Amino acid sequence: MAKAVRGAGKAERREPLLSRLFGNRVFLAVAAASIVALLTILAFYIRALPYQNYNLIYHRALSLGLGDKAKFAFIDANDPWIEYWLASYLRSHGIGSWTRLTTDNPDTHIFWYPWGRDFSHDEFPFIPVVGALAPGGLDTARWISLIPPIFGALMVPIAYIYIRRFYGELAGLTAALLLAILPASCSRTFAGFVEKIGIAMPFFIAGLALYSEALRRRSLPVAFAAGIAMGFIGFIWGGYAIAAILIAITSLLAPTAVEWRHAPAIARAGVAVGIGFLAILAVASRYGPASIKYGEAVLLGTLIPYIVVELLEIAGRRKVHGVAWRRPEAIYRIVAIALLVLGIAAAPALGVRGRALFAMAWPLRLAGEIHLSRLAETVAEHSSPLMSRGLFLTFVREGNIAALLAPVASLYLLYRSLRRREPEHLPLSLAALGLYYAVLGMLYFLQASSVVGILSVAALVGMLAPSGRSVPKRLARSKRLERSSYELRLAATIILVIIVLAAAVVGAKTAYAMMRSHIASITGYSVNVQQYDWLHMLKEIENATSKDTVIVAWWDYGYWISVGAHRPTLADGATTNATQIRLLAEFFTSTSEDEAVNILKALHLKPGKTLIFVHDNALYDPATGSLVYSIDARLPSIDIAKSWAMLHIAGKDEQGFEVGNSKYRQTLIYKMFASAPYHFDKVGEIYPQNLIHVKGKRITSVELFGEKTSPYSFKHFKPYRVILGLYMDSRGRPLAFAAGGHTYYFVQVLILYEWAG
């Protein structure tokens, strides 16, 4: 039997299943490398599919005369807008200007008016720096749009190298295939959706690989490199806190996963990981929101197991109080369990905050014992998939095979680590188990959980696959037992591979369906349901208002307006100032104009320099001049539906306010929706113009919640602009349907009111 790799404990050496099938290692290596290269290309292709749709929208926007606003067709969702703005700023002012992006810089005051924003300390710098380094003549918007699929594709070869190294060729190819095409793996790495989690995943996988290698070889240099890789996430994403927790728990358990004579070496490796993590996090904390406290806590968490092991070693070499310590490993297990329980209980005191804390304590949240903030409770990705059947189905559909098999795979890996003394499985098993547990409490972790879950499932495939010597001789009591064990493992492998391939087919279809018609959310819902009124409004705001005009909009749209129109907003997707968002909620849900005006004054706003923005979808009949807000129609409601969040944050849901009821109909946001369209003849326009024939410009009937509304007479606010944006298909034709002899067009209603005084 070949000599085992140093530190592998009782792990058997594995000959890849495909090697035995094909027999030629050179051919297999070339074939595997080619397959991985093709899967990497496929991963990029699937994720880049929306880019061609963005390009179509971009050129149509140019043809409509939208000029430089057309570039925003390449930026999806909300948060990517700030990554684009920061990248553009660094490209114009130099990478070194990052440290000057503080509240003292007037350029930051278009965000969170009037305070501005300290980007150099509350935003991670990696994506903006990479975004500023656009290759060739590529403009920033296009380059920032392509960064996610690049890093999404990068996961494939890194994961292949990692999983192949420890679990064999078949496992490596399984990981590469699933990461390339499964929906959750693609979800935060497709074109235009520049999200921190997706960009951080290749570094997390590399950290897992190095950590596993360090534990297998008990190598201090490799362990230090693992800490560096994990700590580097502190430049990219707040998930460095997850890496910190993983390092601490792995270091605590690692001595129990080896023969005791190796415990000191494995504990020293843990310390080396902690030192590397602290070293890089100390740098990251100077240029972003990463907290060095996590690095200090990790170093402490790795030193404690080392100290305990060394003390037990010393005690084992002498008699303490006349008792010979012959079973130090048993004592260490008791100490480790106690430290683990103590560490979990002391997590808040150790600096674990926000999502990381609630990911750990979500059962208490579901039981009603602890609560997120009112603001956090309104964010969709903070929901648990256990809260509703629909959310659970989303979890299963996007998580695919990882949602079903990751717990089984990771538990088996943990079993192998602790029972078979194979410590190299610990980082992956603990990461997969921890993230799976976390996603059950918060869908925010879906991609991270699925990516690591895929790795654990691939590892399970490799560990089940029969090796060159299917059963060690010490376990095989007869040739018959050896042959039956081999056949059982082969059958299990074949079944699991079939399941993986079936999941891959289903996942690929789902991912392709998600990507092929996707467009940036500011331009519609799909390539067949697109609109340009938002881009038109941004252009109009920039051209028709003074630079000191402030736009009062719900926080979801802060980035779009501040970045797209270069005008100050009160709040945005950073949600850094919960007090200001609460004031916004109270403003929109106020039941008197005087109350609303007092809030605007408290926010340091001025009459004549303040616009209030709301918008929603509706059905428009130009022949009769009727407008029906589409609360339950074929297009989803927008701000009217989001009113529940405003009511909740303002605390008015506890006062009997509910979207659509009589109390809600006294709120400012309801009155603005109900009244503004009646002023369409004075301040309104249909966009794009000339797509439909309109006899008159009056809107004579507005229907909301199934009832015709009446216009309200405001004392302090007056309609400034009402835009009916037509939804169009991929050929530029307006979307409409006929009913009762009338033609109803799908429109987005954009409403701007001015605070007149």
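Please read these numbers as outputs of a predicted model, since none were measured by experiment.

Turning our eyes to something else, we now look at the overall build of the chain. Of regular secondary structure, the chain possesses 29 helices and 13 strands. Looking at the chain residue by residue over its 757 residues, the buried ones come to 57%. For the chain, restricting intrachain contacts to residue pairs at least 6 apart in sequence, the fraction spanning at least 24 positions comes to 74%. Put simply, the chain shows about 30,300 Å² of open surface, and 60% of that area lies on carbon and sulfur atoms. Side-chain charges in the chain split into 75 positive and 51 negative, and the spacing between the mean points of these groups amounts to 12 Å.

For the rest of this paragraph, the subject is helix 28 (residues 668-675). Among the eight residues that make up helix 28, eight are buried, leaving the element largely enclosed by the rest of the structure. Every buried residue of helix 28 is accounted for by Leu668, Ile669, Tyr670, Lys671, Met672, Phe673, Ala674 and Ser675.

Moving on: the pattern of salt bridges. Any two side chains of opposite charge can pair, so long as their charged atoms come close to each other. Under the definition given, this model contains 29 salt bridges. Connected through salt bridges with shared partners, the residues Glu83, Arg117, Asp122, Glu123 and Lys196 form a single ionic network.

Time to look at a nonpolar patch on the surface. A surface patch of nonpolar side chains, amounting to about 420 Å² of accessible area, comprises Leu366, Leu386, Met387, Phe392 and Leu393. By relative accessible area, which is 38% here, Leu366 ends up partly exposed.

With that settled, consider the layout of surface pockets. By volume, the second largest pocket amounts to about 1,100 Å³. If you go around the second largest pocket, you meet 37 residues; those closest to its centre are Ile245, Ile249, Leu340, Ile344 and Met360. Taken together, the elements giving at least two residues each to the lining of the second largest pocket come down to helix 11 (240-253), helix 13 (292-316), helix 14 (328-345), helix 15 (354-360), helix 19 (401-419) and helix 20 (426-441). The element contributing the most residues to the lining of the second largest pocket is helix 11, with eight residues. Partitioning the lining of the second largest pocket into residue classes produces 34 nonpolar, three polar and no charged.

With that settled, the discussion passes to the packing of aromatic side chains. Inspection of the entire model under this criterion finds 43 aromatic pairs. Ring centres 6.1 Å apart and planes at 85° place the aromatic pair Tyr557 and Phe613 in the edge-to-face group. With a gap of 56 residues between them, Tyr557 in the loop between strand 5 (550-552) and helix 24 (558-565) and Phe613 in strand 6 (residues 610-621) connect regions that are remote in the sequence. This pair shows no difference in class: Tyr557 is buried, exactly as Phe613 is. Aromatic rings pair up to connect Phe72, Trp81, Tyr84, Trp534, Tyr557, Trp560 and Phe613 into one cluster. Positioned above the aromatic ring of Tyr58, the side-chain terminus of Arg142 is 4.9 Å from the ring centre. Over the aromatic face of Phe657 sits the side chain of Lys652, whose NZ or CZ is 5.8 Å from the ring centroid.

This part is about the packing of helix 11 against helix 13. Orientation of helix 11 relative to helix 13, taken along the N-to-C sense of each, is 10°, at an axis distance of 8 Å. As summarised for this structure, helix 11 and helix 13 are arranged roughly parallel, according to the angle between their axes. The segment helix 11 lies against helix 13, with Tyr240, Ala241, Ala244, Ile247, Ala248, Ser251 and Leu252 engaging Tyr294, Val298, Gly301, Thr302 and Pro305. Of the residues contributing to the contact of helix 11 with helix 13, the split by class is nine nonpolar, three polar and no charged.

What follows is about the pairing of strand 8 (residues 684-687). Burial along strand 8 is two-sided: Gly684 and Ile686 and Glu685 and Tyr687, pointing in opposite directions, are all buried. Pairing analysis gives four bridges linking strand 8 to strand 11 (residues 717-726), with the strands arranged parallel. Considered in strand 11, the bridge of Tyr687 is made with Gly725.

A word on the nonpolar core. With 242 residues, the main nonpolar core has Phe204 and Phe717 as its most contacted residues. Broken down by element, the residue count for this core peaks at 15 residues, all from helix 6 (residues 140-167). Apart from residues lying up to four places away in sequence, Phe717 is in contact with Phe587, Glu593, Ala596, Val597, Leu600, Ile612, Leu668, Met672, Tyr753, Glu754, Trp755 and Ala756. Grouped together as the second largest cluster of nonpolar side chains are nine residues, Val309, Leu312, Tyr332 and Ala336 included.

In this section: the side chain of Ser384. Within the secondary structure, Ser384 is located in the loop between helix 17 (374-377) and helix 18 (389-399). Of the residues examined, Ser384 reaches a relative accessible area of 0% and is grouped as buried. Reaching out from Ser384, the side chain makes a polar contact with the backbone oxygen of Leu440 at a distance of 2.5 Å. For Ser384, the contacting residues outside a window of four places in its chain are Leu366, Leu391, Leu440, Gly441 and Met442.

Another aspect to go through is the packing of helix 25 (residues 578-588) against helix 26 (residues 593-602). The interhelical angle for the contact between helix 25 and helix 26, taken along N-to-C directions, is 155°, at an axis separation of 9 Å. In terms of orientation, helix 25 and helix 26 fall into the roughly antiparallel class. As for the relative orientation of helix 25 and helix 26, their crossing is left-handed in sense. Across from Leu583, Glu586 and Phe587 in helix 25, the residues of helix 26 making contact are Glu595, Ala596, Ile599 and Leu600.

Analysis parameters
- Residues numbered from 1 in each chain as written.
- Predicted model: local features only at pLDDT ≥ 70, side-chain atom pairs only at ≥ 80, totals over all residues.
- Heavy atoms only, no water.
- Helix = DSSP H or I, 4+ residues; strand = E, 2+ residues; numbered from the N terminus.
- Buried < 20%, exposed > 50% of the residue type's maximum accessible area, 1.4 Å probe, protein only.
- Contact = heavy atoms within 4.5 Å.
- Areas by Shrake-Rupley, 256 points an atom, 1.4 Å probe, with all protein chains shown as cover.
- Lys, Arg positive; Asp, Glu negative; His and termini not counted.
- Charge placed at Lys NZ, Arg CZ, Asp CG, Glu CD.
- Salt bridge = Lys/Arg side-chain N within 4 Å of Asp/Glu carboxyl O.
- Patch = residues over 30% accessible without salt bridge, like charges linked within 9 Å, V, L, I, M, F, W, Y side chains within 5 Å.
- 1 Å grid on protein atoms, 1.4 Å probe; cavity = no way out; pocket = protein on both sides within 12 Å on 5 of 7 lines; lining within 4 Å.
- Points joined across faces, edges and corners; volume = space filled by probe spheres on them.
- Nonpolar A, V, L, I, M, F, W, Y, C, P; charged D, E, K, R; others polar.
- Phe/Tyr/Trp six-rings, centres within 6.5 Å; stacked < 30°, edge-to-face > 60°.
- Lys NZ or Arg CZ within 6 Å of the ring centre and 35° of its normal.
- Axes fitted to C-alpha atoms, helices over the stretch in contact; angles between N-to-C directions.
- Parallel < 35°, antiparallel > 145°, perpendicular 65-115°, else oblique.
- Pairing = 2+ DSSP bridges.
- Core = buried A, V, L, I, M, F, W, Y, C linked by side-chain atoms within 4.5 Å.
- Polar contact = N/O pair within 3.5 Å; in protein donor to acceptor, adjacent residues only side chain to side chain.
- Left-handed = near helix turned anticlockwise from the far one by under 90°.

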